[in-house]
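# Remarks on the overall topology
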Amino acid sequence: MNNADLIVATLKAAGIRRGFGIPSGNVLPLMDAMRRGGLDFVLTAHEGSAGFAADVSGRLTGAPGLCIATLGPGATNLATGVGCAFLDRSPLIALTCDLNTDQIGRRIQMWIDHHALFKPITKATLRLERGRIGETLAHALALALSEPMGPVHLDLPEDVALAPTNEAVPAAAPRATVAPAPDAAIARAGELIAAAKRPIAVIGSSAMRLADPSLLLQVIERHGLPFATTTMAKGLIDEDHPLALGVIERACRQHQRRLLRSADLIVGLGYDTIEVEYEAWIGDVPLLQVDIEPVDIAPSVKLAHQATGNLDASLARLAALPTSRNSWAAAALAEHRQQFQSMLRPPSSSFTAHAAIDAVRRALPREGILSFDVGAHTHQIASQWSAHAAKSFLITNGWSSMGFGLPGAIAAKLACPELPVVCLIGDGCFQMTCGEVAVAKRMGITLPVVVLDDKWLALIKVKQIRRQFPLYGTELQAEDYTEPPQHYFGVPAFGVRSAAALESAVTKALSAKGPTIIEAVVDSEHYIDTVYD
């Protein structure tokens with residue numbers, strides 16, 4: 001076999017089943033090896049989407065996601081999706097195909113230094129060389145899957161891909177493991193929780209990668225901790241739980257801040273400040289941090305203690321400590337949740353964005369997966385949506401790039417074909433990635449794509465208003481609405497103008513043979529009060 005065959009065989013042995021990307025002549029040797037070796041190549045409309053899709057594959061499958069691009073502009077396009085995996089802590093292999101070895105570094109069409117490009121947004125950037133393919137791949141896979149997880153970039157010269165090899169498929173290299181927190185650190189954490197009268201736990205995105213997510217629920221219930229989550233951690237515990245408080249630092253964030261600042265201890269469980277820094281909301285409440293890495297805080301944050309180490313081990317030991325009691329009343333927590341949800345839905349006679357989000361939630365079964373995008377609707381969805389299962393609520397909140405929702409939904413459906421998946425995005429995000437609906441059609445996947453159409457880049461519009469800038473450069477459409485065309489890229493499209501019509505359309509689309517575009521024309525004026533309060 002040649003080195004491209006060896007690469008494919010090694011990636012398959014690591015549990016990778018598909019790669020996302022766009023080919024060029026330099027990519028063809030690897031693509032042909034994928035064809036022969038049974039590793040699916042998914043042609044995307046843009047390399048950035050390939051990176052987003054690979055990120056989601058890594059989150060959902062337990063194996064690193066794989067994305068592939070050519071040199072130069074292919075690599076720079078890919079970098080957006082790779083950066084997502086870097087800041088959202090998703091295991092990923094980003095493979096760029098390059099010129100022949102003797103041409104690298106010369107002034108040749110399309111060539112740039114890929115290693116310089118990817119160094120700031122990966123855990124490592126490595127060149128694949130003859131005779132060292134296996135060891136390099138084994139190292140890259142182990143590194144991507146070691147905490148904090150993330151992307152590793154590999155550069156493959158075309159002559160190296162085509163060169164014959166006698167290397168064997170390497171055994172999996174051992175992952176670097178996180179040592180458990182010291183016993184004394186866990187004991188002190190337990191003392192602080194037991195002594196607190198009004199403790200609140202805040203669960204963050206490190207907890208998304210727990211080997212046993214049920215440990216979170218054990219800790220929460222053992223110690224009677226009311227809990228909130230960051231955006232990416234929603235669903236790790238069913239949000240119908242009576243101790244659930246909802247998400248922090250999204251829509252109606254001031255309501256959440258008031259409760260958080262009334263606590264006498266914040267317990268950060270797997271809280272990664274890449275989503276939102278503590279000083280944004282914690283006030284003068286002392287912090288107990290339990291995570292895989294030392295906490296990153298401003299001097300203003302009162303750090304009472306931190307237990308740093310393997311998160312599964314830390315949670316298991318906290319769950320085994322004697323039961324704690326505090327002064328929180330179930331009725332007060334329920335009233336807080338009810339007020340929060342009411343504030344998110346101000347009365348209106350029009351078809352509001354919040355009504356559209358509720359309609360989609362009613363149509364999607366409880367176990368279904370939502371993938372959505374970045375904008376004003378992100379804040380509203382994060383606060384309003386009720387998530388019931390781990391890894392069912394897909395968004396980028398560390399990288400926070402527009403364009404994530406649609407490729408993320410495609411990857412989710414390919415990774416979890418047995419589960420219903422819905423994509424919910426804004427009109428600006430749809431304009432950015434609409435070509436990916438052709439990918440969903442080509443792959444034959446059932447995927448309702450709901451576009452919240454309000455004619456604006458609504459989040460920036462709200463910020464312009466709040467900061468007293470004139471509205472400029474953020475209007476997406478000036479003319480009156482018309483019905484959408486019958487299809488986009490051969491994918492049927494429908495317009496809806498009410499919550500009931502949207503719920504019905506999503507329900508039908510979940511039974512369709514392929515993707516469906518649903519344009520929901522919504523009134524988003526309430527964003528000025530809910531999203532940027």
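Below you will find a few notes about this structure. (Residues numbered from 1 in each chain as written. Predicted model: local features only at pLDDT ≥ 70, side-chain atom pairs only at ≥ 80, totals over all residues. Heavy atoms only, no water.)

This paragraph deals with the overall build of the chain. Helices and strands together make up the secondary structure of the chain, namely 20 helices and 19 strands. For 533 residues, the compact-globule formula gives about 24 Å, and the C-alpha radius of gyration of the chain, at 24 Å, lands near that figure. On the principal axes, the C-alpha backbone points of the chain span a range of 70 × 65 × 45 Å. Across the chain, every contact between residues at least 6 apart in sequence was considered, and the portion connecting residues at least 24 apart equals 74%. When the accessible area of the chain is evaluated, it comes to approximately 20300 Å², of which 54% is carbon and sulfur surface. Looking at the chain, you have 46 positive and 53 negative side-chain charges, and the mean spots of the two groups are 3 Å apart. (Helix = DSSP H or I, 4+ residues; strand = E, 2+ residues; numbered from the N terminus. Rg over C-alpha atoms; globule rule 2.2 N^0.38 Å. Contact = heavy atoms within 4.5 Å. Areas by Shrake-Rupley, 256 points an atom, 1.4 Å probe, with all protein chains shown as cover. Lys, Arg positive; Asp, Glu negative; His and termini not counted. Charge placed at Lys NZ, Arg CZ, Asp CG, Glu CD.)

With that settled, consider the sheet that holds strand β14 (residues 393-394). The seven strands are arranged β14-β13-β15-β16-β19-β18-β17 in an open sheet whose pairing can be described as mixed. Because the sheet does not close on itself, it has two edges, and the strands there are β14 and β17 (487-488). Packing of helix α17 (residues 436-443) onto the sheet brings it into contact with β16 (447-453), β17, β18 (491-496) and β19 (515-521), and relative to β19 it is tilted by some 145°. Sitting on the sheet, helix α19 (residues 499-509) touches β15 (421-426), β16, β18 and β19, and the angle it makes with β19 is about 175°. (Pairing = 2+ DSSP bridges. Axes fitted to C-alpha atoms, helices over the stretch in contact; angles between N-to-C directions.)

Okay, the sheet that holds strand β7 (residues 199-203) next. Taken together, the six strands give an open sheet; going across it, the order is β9-β8-β7-β10-β11-β12, and neighbouring strands pair in parallel fashion. Only two strands of the sheet have a single partner each, and these edge strands are β9 (244-247) and β12 (303-308). Adjacent strand axes in the sheet meet at a mean angle of 20° when their direction is disregarded. The pairing of β7 with strand β10 (residues 265-269) spans five bridges and is classified as parallel. Each residue of the ladder has a partner; that of P199, found in β10, is L265.

A few words on the packing of helix α3 (residues 47-61) against helix α4 (residues 73-88). Where α3 contacts α4, the two axes come as close as 6 Å, and the packing angle between them is 30°. One finds that α3 runs roughly parallel with respect to α4. Relative to α4, the crossing made by α3 is right-handed. Between α3 and α4, the residues in contact are E47, G48, A50, G51, F52, D55 and R59 and G74, N77, L78, T80, G81, V82, C84, A85 and D88, respectively. In terms of residue class, the contact of α3 with α4 is built from six nonpolar, six polar and four charged. (Parallel < 35°, antiparallel > 145°, perpendicular 65-115°, else oblique. Left-handed = near helix turned anticlockwise from the far one by under 90°. Nonpolar A, V, L, I, M, F, W, Y, C, P; charged D, E, K, R; others polar.)

Right, let's get into the side chain of D358. With respect to the helices, strands and loops of the structure, D358 is situated in helix α13 (residues 353-363). Excluding residues that lie within four positions of it along the chain, D358 makes contacts with R345 and Q384.

Between its first and last C-alpha atoms helix α6 (residues 133-145) spans 18 Å; for 13 residues at 1.5 Å apiece the expected length is 18 Å, and the two agree. Of the positions making up α6, those classed as buried are I133, G134, T136, L137, A138, A140, L141, A142, A144 and L145. Its buried side turned inward, α6 meets α1 (3-13), β4 (92-98), β5 (124-127), β6 (151-157) and α7 (158-162). (Expected span 1.5 Å × (residues − 1). Buried < 20%, exposed > 50% of the residue type's maximum accessible area, 1.4 Å probe, protein only.)

Interpretation note: all reported values are geometric properties and have no functional meaning in isolation.
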